[in-house]
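# Observations on the three-dimensional arrangement
Chain by chain, the residues:
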Amino acid sequence: MSANIEQRRHLVTALPGPRSVELMARKNAAVAAGIGTTMPVFAVEAGGGIVKDVDGNSLIDLGSGIAVTTVGNSAPRVVDAVKAQVDAFTHTCFMVTPYEGYVAVAEQLNRLTPGDHEKVSALFNSGAEAVENAIKIARAHTKKQAVVVFDHAYHGRTNLTMAMTAKSMPYKSGFGPFAPEVYRAPLSYPFRDSKDVDGQAAAQRAISVIEKQVGADNLAAVVIEPIQGEGGFIVPADGFLPAIVDWCTANGVVFVADEVQTGFARTGAMFACDREGIVPDLIVTAKGIAGGLPLSAVTGRADIMNASHVSGLGGTYGGNPLACAAALATIETIEADNLVDRALEIEHLMLDTLHRLQADDDRLGDVRGRGAMIAVELVKSGTDEPDADLAKTIASNAHQQGVIVLTCGTYGNVLRFLPPLAISDDLLTEALDILTNLFKETAQ
Ligand code: PLZ
């Protein structure tokens, strides 16, 4: 895959370099304190598996801007499509004078998302906004109000999606009151569930909570990430998701898959639901959909999606023409470059290395994930006790060496890897070697 910049990790200053330090001082003076950054390093260019900073350092990207630049930063088809669209027009508002790009993105989503039933889509800007709209649609269709989400869930930072997100710090603390009629059910978490809790048992545990504490008669939607993202890259046990889907179908409850983080080839399938063999009623997408431009969508069964009255859904920028052009080019890139297969190759490479590391180091309590969405959950040696300090130490040491890596998890003890699918094996192997050495250095 051709990338716009040299594919080589190369540090010319200590990190952060002097220009980044200067910019961080300006950021601290000008930007609200609530907006944090993972690394104090300012970007100027990015492509393939590399992010270049203002001091001329080239870093290996294992974050993809939180699972967004799946096709690579400034991916060639995306750049060309957006440039052409900028020249044509930048905005008319689809609700005022519509344009073809929006319709074409909806057609692609209807074609690509799981299930061969009749589907329609609606486009928005952010993941949280699309989640909110999925709830509006489910409520309009079912004429019911309650929403069930799960432990460790992340669905966004708006008022309703904060209520749906599980973790208090940093997402919710001090920002209430939260939207009502949101209930939380237990997840399947194979590493932390006792061994006798298989997928079926975990589903029964969740369904019992839902039936006793909410009741299907009151329940509009069950919303779940097929693989938990911010909550720790938790892959539920086999059978868990299909059993929840079956229960929803039998009880007139809309099953909503939040594939904001897992969608668009990220997990070694076009959507994570595909590898689970489930068909959601509604699927929420964002992030990887448009190669870095802000776009999100709700796609689903036409009878459910069409429950809203005309003009009940929308927004000034939803399905912006630049973002739609980028999405069409992103989808073309995923299909033409076989990026689903590339995600599977990355899965094998990463899991192989991390399993070998785990065999020698029991602080890697669990190695899990699918495709290019892989994580290690770190624990204190000889225990299951989460070790957030170790995750922080490994991540910040990796940052020092020019590897962008993120942490996540309810307990803050998960290192997660989300490389762009445009990364080379060489860069990926180099980053994994650096991480392996950091684990060795921190072992006593
Ligand atoms: N649903 C599953 O992963 C966004 C959040 C980063 P927005 N995840 C990254 C942060 O700290 O704000 C996400 C997600 C899932 C919804 C969202 C929300 O998507 O585009 O950030 O609104």
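Attention shifts here to the sheet that holds strand E15 (residues 414–417). Sheet architecture is open: four strands sit in the order E11-E12-E15-E14, paired in antiparallel fashion. Two strands bound the open sheet, and with one partner strand each, they are strand E11 (364–370) and strand E14 (406–408). For this sheet the average axis-to-axis angle between neighbouring strands, irrespective of direction, equals 25°.

Turning our attention to the site of the ligand. In the neighbourhood of the ligand, 15 residues make up the surrounding shell, with Gly 127, Ala 128, Arg 157, Asp 258 and Gln 261 lying closest. Here an oxygen atom of the ligand sits 2.7 Å away from a polar atom, N or O, in the side chain of Arg 157. One nitrogen or oxygen atom from the side chain of Lys 287 is found 3.1 Å from a nitrogen atom belonging to the ligand. For the ligand, the accessible surface in isolation is 510 Å², of which the surrounding protein chains cover 82%. Residue composition of the shell around the ligand, grouped by class: five nonpolar, five polar and five charged.

Attention now goes to the packing of helix H7 (residues 199–213) against helix H8 (residues 240–250). At a minimum axis separation of 8 Å, H7 and H8 run at an interaxial angle of 35°. Both H7 and H8 take part in a crossing whose hand is right-handed. Within the contact between the two elements, H7 uses Gly 199, Gln 200, Ala 202, Ala 203, Ala 206, Ile 207, Ile 210 and Glu 211 and H8 uses Phe 240, Ala 243, Ile 244 and Trp 247. A breakdown of the residues in the contact of H7 with H8 according to their chemical character gives nine nonpolar, two polar and one charged.

Here we come to the sheet that holds strand E13 (residues 403–404). Read across the open sheet, the four strands follow the order E1-E2-E3-E13; overall the sheet is mixed. Because the sheet does not close on itself, it has two edges, and the strands there are strand E1 (43–47) and E13. Pairing geometry for strand E3 (residues 58–61) and E13, over two bridges, is parallel. Residue Ile 60 lies in a different strand from E13, and its bridge partner there is Val 403.

So, how was this worked out
- Residues numbered from 1 in each chain as written.
- Predicted model: local features only at pLDDT ≥ 70, side-chain atom pairs only at ≥ 80, totals over all residues.
- Heavy atoms only, no water.
- Pairing = 2+ DSSP bridges.
- Helix = DSSP H or I, 4+ residues; strand = E, 2+ residues; numbered from the N terminus.
- Axes fitted to C-alpha atoms, helices over the stretch in contact; angles between N-to-C directions.
- Near = heavy atom within 4 Å.
- Polar contact = N/O pair within 3.5 Å; in protein donor to acceptor, adjacent residues only side chain to side chain.
- Areas by Shrake-Rupley, 256 points an atom, 1.4 Å probe, with all protein chains shown as cover.
- Nonpolar A, V, L, I, M, F, W, Y, C, P; charged D, E, K, R; others polar.
- Left-handed = near helix turned anticlockwise from the far one by under 90°.
- Contact = heavy atoms within 4.5 Å.

Geometric descriptors of this kind do not, in isolation, establish any biological role.
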